Amino acid sequence: MTIKQQIIISGVGGQGVLFVTRLLAEAAMMKGYPVLTSETHGMAQRGGTVVSHLKVGDFSSPLIRPFSADGLLALKPESLTQHGCFVKPGGWAIVNSSQPLQEPADLAITSIDAESLASAIGNLKSVNLIMLGAALARFSDSKDLFCTLDDIQAVLNAQLTGAPSKLEKFTAAIDAGYRI
Amino acid sequence: MNNRMLMLGNQAISRGLIENGCALATSYPGTPASEILPSLVEWQQAENTRLHAQWAINEKVAFEIAYTAGIAGLRSMVSMKQVGLNVASDPLMSAAYMGTVGGFLIICADDPGPHSSQTEQDSRMMAMMAKIPVLDPDSPVQAKDMIAMGYALSEAFEIPVMIRPTTRVCHARQDVAVSPVVPDDRKPAFEKNPARWAATPKFRFRLHQSLEQKLSDIARYAPTAPIRCNPDAAGTRAIVVSGVAAAHTRDVLKDLGLWDRMPLYQVLQPFPLHREFIDHLETAYSQILVIEESTGVIEMQIADRHKVRGKASGTVPSVGEILPETIEAIVAEFTGTPLSRPMLPASPPGRRPTLCAGCPHRASFFAIKKAAPRGIYTSDIGCYTLGLNLGAVDTFICMGAAISQAAGFYQAFRSEPKRPDIVATLGDSTFFHAGIPALIDAVVQNVRFVLVILDNRTTAMTGNQPTPSSGRGIDGEPTITVEIEKLVQGCGIGFCKTGDPYDVPQFISLVKSAVAYSRETGPAVIISRRPCLLDRSRAETRHPFIRVRVAQEDCDACHYCIQHFECPALITDGKDKPVRIDPAGCTGCGVCVHVCPKKAIKILGTGQ
């Protein structure tokens, strides 16, 4: 199968949007796929809206056009309103929200109360990884998402060899998201 | 080493530098160029090559250091953001005339959008004005390739070369091929030649003549000539692209099924545009669509204006980033291709950035507003520009202007019966960069204002690069520490006091005493010293964590703290709901205790 996938990761500065983007991009690299991302750096990282475009496969532009992404990982409820328009009809959106969300109607939306889960596992800053875990549980290794939990785990293992306590914390957060 | 790596555009650029024998590199941080120099140092450490890399006090100084290494025969580079080149434009104009011996690259990152800049200026216009060639990469991979291309071009014609990546190249990540580093053992050599390196006007005239000859030859230099992307496509119309617009257009043509039908040319060197290419376009096509960011640099070099569709014809926007969906619409229109796409709903405004929870700048701004409530607040470039949200920043222009604008306001209101208090804010790095001459000027003219130097001991906005007062260099090596107090006193300031903005009552009275001094006597300076919370290298200077809570029975939901202090850790569930502390955000600075007019924010204790 020729992989051609486009994913938007969106949230606010400080949530770790860039970190999740980087994990997914490294996973694509590890699987031998061409990868391109576009990231928000600079002033917006101070709590402003932050959005990453991730493109896996044969692309030359680093940006995703509206109505063409396969999925959206939304680390804030408002990220869906803001960046839902990037997703193609029938695409997926996983949204960090304590309330179930239904709009836009032509997307397959899953709401995850990642804040509560983060506080339950005692790591308030782990919303990004919980959300990544939730996406991996639902769309892993399919036409919707090119990688699996094992791929992400392998990336983490490779990147955090010298930081066992960090690795353990990150793994726990992704697992928590994966299991719900 | 794995032969492919995931790299940020800026990392790919620095990989190109290390693979091509760059021996001296300087920069001043600025988004989107900030990561070039630090990642170069990382490559250098991994490869153990000989290289001097340093942050300079500003872009002009950075430029002059790197350029002179080129005169001494070494390969060198200076990197900066587009507005940084304004600061370095003085040496740029002369460097073009005198040229270089070793390859000298000016890597100047533009920010169409703008995402994190004051302007959308097109640095390729600066290259045109200086009369030096400029290369325009479309991706991290091409940015890396253009380093080799740029050094070869620079040495072939003894001319500085500009590489102009944009935000979408600098902050894209891509899998990039890694090549081995070939050790460069060239030795510095300086051949004295006053007619060139110390050229007086008469000699400058000759240098200008030879520069024109170089440009004319570079417009025929084959390695940087435009690329025909789809040689099989034929027709009477063509599209010409450069930079990231080239990357977008390739995808768009394929998606619209036009790849085999619409001739596409990618310009690698927008200035000087190759002569033969201009002639070919004008002979072969009746209409030429040019898509480039941000100004029409390529289109203005195509002599037959009637054939060109671009900025001047209103076909391609002159303002803002050219997004792939915009290109899709332009190409569809140009080729008469029907485009069925749902209307894009109006995008809701995004969340505006704000100072971090616990940021010492927020405490400083709160104190300034208390001490000079009806003042004019001039400010500057840095995180503290976000004091805007707090109503504590009325103006900012460019690096260092807080002080000169304070002087301008003072002189404007000088003869009025009631002069406003004027409080200027700027950061430590910005003070070093461009504040010192302005402060000396204010002393000489006895400008009655207060300058608060927000000394967080780092260049925070761009990722915590060191300043001259940090006492460390780019890879953590110890350096001489320049004391801001001594500098301020050396400028001739009579009132210079240092305070901790976290100590709110004391700091407010300090600012009040400075305001009083400025009304009666002359310029006053306060150094507000508290390290940036994001600067991990200074963890040892952390303030003890003060646990606070909002007594729900005392909070009457006036939301004064949210509106006037805007700490992201102060949250509420609605308009009439009391305020709470967000435990995920609170950094334990304890400043908000002094902010609540109802005294509803209480200290619970110290320690997390």
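The rules we used
Residues numbered from 1 in each chain as written. Chains lettered and ligands numbered in written order. Predicted model: local features only at pLDDT ≥ 70, side-chain atom pairs only at ≥ 80, totals over all residues. Heavy atoms only, no water. Helix = DSSP H or I, 4+ residues; strand = E, 2+ residues; numbered from the N terminus. Rg over C-alpha atoms; globule rule 2.2 N^0.38 Å. Buried < 20%, exposed > 50% of the residue type's maximum accessible area, 1.4 Å probe, protein only. Contact = heavy atoms within 4.5 Å. Areas by Shrake-Rupley, 256 points an atom, 1.4 Å probe, with all protein chains shown as cover. Lys, Arg positive; Asp, Glu negative; His and termini not counted. Charge placed at Lys NZ, Arg CZ, Asp CG, Glu CD. Core = buried A, V, L, I, M, F, W, Y, C linked by side-chain atoms within 4.5 Å. Domains from an automatic or database assignment. Pairing = 2+ DSSP bridges. Axes fitted to C-alpha atoms, helices over the stretch in contact; angles between N-to-C directions. Expected span 1.5 Å × (residues − 1). Buried area = accessible area lost by both parts, 1.4 Å probe. Salt bridge = Lys/Arg side-chain N within 4 Å of Asp/Glu carboxyl O. Polar contact = N/O pair within 3.5 Å; in protein donor to acceptor, adjacent residues only side chain to side chain. Parallel < 35°, antiparallel > 145°, perpendicular 65-115°, else oblique. Left-handed = near helix turned anticlockwise from the far one by under 90°. Nonpolar A, V, L, I, M, F, W, Y, C, P; charged D, E, K, R; others polar.

For this particular structure, what's the right way to read the overall build of chain B?
Along its length, chain B carries 19 helices and 22 strands. For chain B, the C-alpha radius of gyration of 27 Å lies close to 25 Å, the compact-globule estimate for 608 residues. C-alpha extents for chain B along the principal axes are approximately 80 × 65 × 60 Å. Among the 608 residues that make up chain B, the fraction classed as buried is 58%. Within chain B, contacts between residues separated by at least 24 positions form 77% of all contacts whose residues are at least 6 apart in sequence. Total accessible area on chain B stands at roughly 24200 Å², and carbon and sulfur atoms take up 55% of it.

Looking at this structure, how should I read the overall build of chain A?
Looking only at helices and strands, chain A has six helices and six strands in total. The C-alpha radius of gyration of chain A comes to 15 Å, within 12% of the 16 Å expected for a compact globule of 180 residues. By principal-axis analysis of the C-alpha atoms, chain A measures approximately 40 × 40 × 35 Å. For chain A, with 180 residues in total, the buried portion stands at 62%. A total of about 6800 Å² of accessible surface is found on chain A, and carbon and sulfur atoms cover 53% of it. Within chain A, the 15 negative side-chain charges are centred at a point lying 5 Å from the centre of the 14 positive side-chain charges.

Looking at this structure, how should I read the nonpolar core?
As a rule of thumb, soluble globular proteins bury nonpolar side chains together. All names here are of chain B. Grouped together as the largest cluster of nonpolar side chains are 82 residues, with contacts concentrated most on Phe431, Leu439, Phe449 and Leu451. Taken domain by domain, the makeup of this core includes at least three residues from each of domain 3 (360-541) and domain 4 (546-606). The residues touching Phe449, leaving out its near neighbours within four places in the chain, are Ile403, Ala406, Ile422, Ala424, Leu439, Ala442, Ser518, Gly522, Pro523 and Ala524. Residues Ile71, Phe104, Ile147 and Val169 belong to the second largest nonpolar core, which totals 72 residues.

I would appreciate a short explanation of the sheet that holds strand E7 (residues 161-163) of chain B in the present structure.
Residue and element names in this part refer to chain B. Taken together, six strands build an open sheet; the order of strands is E3-E2-E4-E5-E7-E6 and the sheet is parallel. For this open sheet the edge positions go to strand E3 (52-55) and strand E6 (134-135), each flanked by a neighbour on one side alone. Note that E6 and E7 share two bridges and pair parallel. In the sheet register, Val134 faces E7, and the bridge partner there is Met162. Its contacts with the sheet place helix H3 (residues 59-71) against strand E2 (24-27), E3, strand E4 (76-81) and strand E5 (104-109), and it is angled at close to 160° to E4. In this fold helix H7 (residues 140-157) packs onto E4, E5, E6 and E7, with an angle of close to 135° to the strand it touches most, E5.

Sorry, what's going on with the domain arrangement of chain B here?
It is common to report an interface's size as the accessible area lost on association of the parts. The domains assigned to chain B are domain 1 (4-223), domain 2 (225-335), domain 3 (360-541) and domain 4 (546-606). Using C-alpha coordinates to define each centre, domain 2 of chain B is positioned 55 Å away from domain 4 of chain B.

I tried to follow helix H13 (residues 324-335) of chain B on my own but got confused; where do I start?
Residues separated by three or four positions in an α-helix point in the same direction, a consequence of the helix having 3.6 residues per turn. Residue and element names in this part refer to chain B. Its twelve residues place the ends of H13 16 Å apart at the C-alpha level, agreeing with the 16 Å of an ideal helix rising 1.5 Å per residue. The element H13 is largely enclosed, with a buried count of nine among its twelve residues. Those residues of H13 lying buried are Pro324, Glu325, Ile327, Glu328, Ile330, Val331, Ala332, Phe334 and Thr335. Each element contacted by the buried residues of H13 is listed here: strand E10 (237-241), helix H11 (244-255), strand E12 (287-291) and strand E13 (308-309). Where H13 terminates, the next one or two residues include Gly336, which has phi positive at roughly 65°.

Before we go on, may I ask you to explain the interface of chain B and chain A in this structure?
Every contact between the two is made by 48 residues of chain B and, on the other side, 36 residues of chain A. Taking both sides of the interface into account, the surface hidden between chain B and chain A amounts to around 3600 Å²; carbon and sulfur atoms contribute 58%. Among the residues of chain B in contact with chain A, Leu6(B), Arg173(B) and Arg351(B) are the three that bury the most area, contributing 21% of the side total. Where chain B meets chain A, there are four salt bridges. Residue Arg173(B) is joined to Glu39(A) by a salt bridge in which the shortest nitrogen-to-oxygen separation is 2.6 Å. Inspection of the chain B/chain A interface yields 15 residue pairs in polar contact (both at pLDDT 80 or more).

Help me out: how do you make sense of the packing of H11(B) against H13(B) in this one?
The packing of two helices is summarised by the inter-axis angle and the distance between the axes. Residues and elements named next belong to chain B. Orientation of H11 relative to H13, taken along the N-to-C sense of each, is 55°, at an axis distance of 9 Å. In this view, H11 runs oblique relative to H13, as classed from their interaxial angle. Considering how the two elements wind past one another, H11 and H13 form a crossing that is right-handed. Together, Ala245, His248, Thr249, Val252 and Leu253 of H11 and Pro324, Ile327, Glu328 and Val331 of H13 make up the contact between the two elements. Residue composition of the contact of H11 with H13, by class: six nonpolar, two polar and one charged.

How should the pattern of salt bridges be read in this particular structure?
Counted by the stated rule, this structure contains 38 salt bridges over all chains. One salt bridge connects Asp144(A) with Lys143(A), and the closest N-O pair in it is separated by 3.5 Å. The buried category is assigned to Asp144(A), whose relative accessible area is 18%. Look at Lys143(A) and you get exposed, because its relative accessible area is 62%. Residue Asp175(B) is joined to Arg4(B) by a salt bridge in which the shortest nitrogen-to-oxygen separation is 3.1 Å. With Asp175(B) in strand E8 (residues 172-177) and Arg4(B) in strand E1 (residues 4-8), this pair connects stretches of sequence that are 171 residues apart. Residue classification places Asp175(B) among the buried residues on the basis of a relative accessible area of 10%.

Before we go on, may I ask you to explain the side chain of Lys144(B) in this structure?
All names here are of chain B. Mapped onto the fold, Lys144 is located in helix H7. In terms of polar contacts, Lys144 uses its side chain to reach the side chain of Glu19, at 3.0 Å. A distance of 3.1 Å separates the side chain of Lys144 from the backbone oxygen of Ala177, its partner in a polar contact. Leave out the neighbours within four places in its chain, and Lys144 touches Ala12, Arg15, Gly16, Glu19, Val176, Ala177 and Ser179.

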